Amino acid sequence: MSNDRNWREKERSLSEVIRKYPDVSPFVIIKTDVQRRGVLYTEKALAAVDPDIHLTKLRSDYSNKEDLTPVSLTMRDGTSINVGDEGSGDAHSDRDPYQVDVVDGKIVLVDEGNVIEEVSYWEKPDYYEKVTSRGTPMWHVVSPRPQRLCIHPHQQCDFWKTPGYGCKFCTMSAVYHAGNKPELLNTQDIVETVAEALKEPGRNVNIFLTGGTLRGGENFLDEELDCYIDILAGITRLFGGKRFPSQLISTAFSREQLRRLHDSTGLASYTADLEVLNKSLFEWICPGKAATIGYEEWKNRLYEAVEIFGRGNVDTGIVAGVELAQPNGFQTEEEALESTLSEADEISSHGVGVVGCVWKVHPGSIFRKQTSPSLEYYVRLARGLDQIRRKYNLSIDMDNYRRCGNHPDTDLSRI
């Protein structure tokens, strides 16, 4: 249930936003609102799930899901809707969620009794029910999106081990402690699972890695770097030692660490998420990142990454909307939009793409009592980020609608 029971009276509706922004695909606008509000499945919708075909189980850094609800949805044009990996239909939201129902034999999104759009459930890949040579279920090791393999090697974050250091929007630690996941995955299991997944023709276009921060090692973050290099080197051998379509989201590595990462593996693109584009809000929302690296140094490391990986191959992600969290966030959506897009423009001028995921308030986070922005805010922000990338001629190939599907703004790169 919404933190504000009267939210519909205070915001433009889905149909009003679609009419106001005809230059933005209605599929992208619907996706944005569904990701913002989440979904609940009716009995008819659950009866349409076939566990032999559809993806229902998922284990990743933010997930430990084994129920029979679908993991996520796809719309008619191929747009992915990442409704949330937490299980049970992800009913938790600061707005009342959409319903997934069956009407006239079709699986559809419904809001206040009105059919919004037809959807389908993500399908399970061939490797999913197999096990590695160590006996590990492969679905524990690599999680899929419709066209991407996702690897989450370390499923806890060291920042959460220091009181007051965890990012305030994040649920990684809560999900880890609520389940029975290992803190670190086995490299052999990962490489074997990827090798098996690659046998399915036409399924995958990208391999993606991310996880929580590992602060240890001779130098700060060397432990995290070594973990990724070990895994990526094994996967690189599957591609004959060549660069392959891939993306890593990590903590912001130093120039020397980035050089090692690039030269030791076939990794194609690099991302280090700032989370929020404002120095003071970064320090409030991401205290561990601020205390150990800092906002300006994080940006400098992104710029150094461009020198190594090349323009269009380096991104930073933001949790779009978290800049309006209270009491320290922006007081109005107009102010937040102007500031965020101005900073995104400055960062992009250095060859770094800025992408946004939709912030949804989760019960396991410090920000569990916050309220997310309006749908119109997200549409304007997505449109602005897309326009900035076009202005600087920045490719978004490794984070686009096929290879990721989580960012409304990168969906707009299709047009």
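What comes next concerns the included structure. None of the values given here were measured: they were computed from a predicted structure. (Residues numbered from 1 in each chain as written. Predicted model: local features only at pLDDT ≥ 70, side-chain atom pairs only at ≥ 80, totals over all residues. Heavy atoms only, no water.)

Here we come to the overall build of the chain. The helix and strand inventory of the chain stands at 14 helices and 15 strands. Its C-alpha atoms give the chain a radius of gyration of 20 Å, within 12% of the compact-globule value 22 Å for 415 residues. Taking the principal axes of the C-alpha coordinates as reference, the chain spans close to 55 × 50 × 40 Å. Once local pairs closer than 6 in sequence are excluded, the contacts in the chain between residues at least 24 apart make up 71%. (Helix = DSSP H or I, 4+ residues; strand = E, 2+ residues; numbered from the N terminus. Rg over C-alpha atoms; globule rule 2.2 N^0.38 Å. Contact = heavy atoms within 4.5 Å.)

Next up on the list: the pairing of strand β8 (residues 114-121). Summarising the sheet, strand β4 (residues 73-75) and β8 pair through three bridges and their orientation is antiparallel. Bridging from a neighbouring strand, T74 pairs with S120 of β8. Of the pairings in the sheet, the one linking strand β7 (residues 106-111) to β8 comprises four bridges and is antiparallel in character. Along β8, the bridge assignment pairs V110 with V115. A loop of two residues connects β7 with β8, the two strands running antiparallel in sequence, and E112 in this loop sits at a positive phi of about 50 degrees. (Pairing = 2+ DSSP bridges.)

We now examine the packing of helix α7 (residues 222-238) against helix α8 (residues 255-264). One way to put it is that α7 packs onto α8 with a least axis distance of 10 Å and a crossing angle of 10 degrees. Viewed along their axes, α7 and α8 adopt a mutual orientation that is roughly parallel. Across the interface between the two elements, D222, L225, D226, I229, L232 and A233 from α7 touch Q257, R260, L261 and S264 from α8. The residue makeup of the contact of α7 with α8, split by class, is five nonpolar, two polar and three charged. (Axes fitted to C-alpha atoms, helices over the stretch in contact; angles between N-to-C directions. Parallel < 35°, antiparallel > 145°, perpendicular 65-115°, else oblique. Nonpolar A, V, L, I, M, F, W, Y, C, P; charged D, E, K, R; others polar.)

With that settled, consider unusual backbone geometry. A cis amide bond links Q326 with the next residue in sequence, P327, at an omega value of 15 degrees. Examined against the element boundaries, P327 turns out to sit in the loop between β14 (314-320) and α12 (333-348). In this model, L221 sits at a positive phi of 80 degrees, which is unusual for a non-glycine residue. Even without a glycine there, the phi angle at E275 is positive, about 80 degrees.

Consider a sheet: its strands pair through backbone hydrogen bonds, and that pairing is either parallel or antiparallel. Within the open sheet, the six strands sit side by side as β1-β6-β7-β8-β4-β5. Their pairing is mixed. Strands at the two margins of the open sheet, each flanked by one partner only, are β1 (39-41) and β5 (80-81). For β4 and β5, the ladder comprises two bridges, and the chain directions are antiparallel. Within the sheet, the bridge partner assigned to L73 lies in β5 and is I81.

What follows deals with the environment of S413. Assignment of secondary structure puts S413 in the segment after α14 (408-411). S413 sits in the partly exposed class, given a relative accessible area of 30%. In this structure the C-alpha to C-alpha distance between S413 and Y401, which are twelve residues apart in sequence, comes to 7.9 Å. Ignoring anything within four residues of it in the chain, the contact list for S413 reads D386, R390, I396 and N400. Of the polar contacts made by the side chain of S413, one reaches the backbone oxygen of T410; its length is 2.6 Å. (Buried < 20%, exposed > 50% of the residue type's maximum accessible area, 1.4 Å probe, protein only. Polar contact = N/O pair within 3.5 Å; in protein donor to acceptor, adjacent residues only side chain to side chain.)

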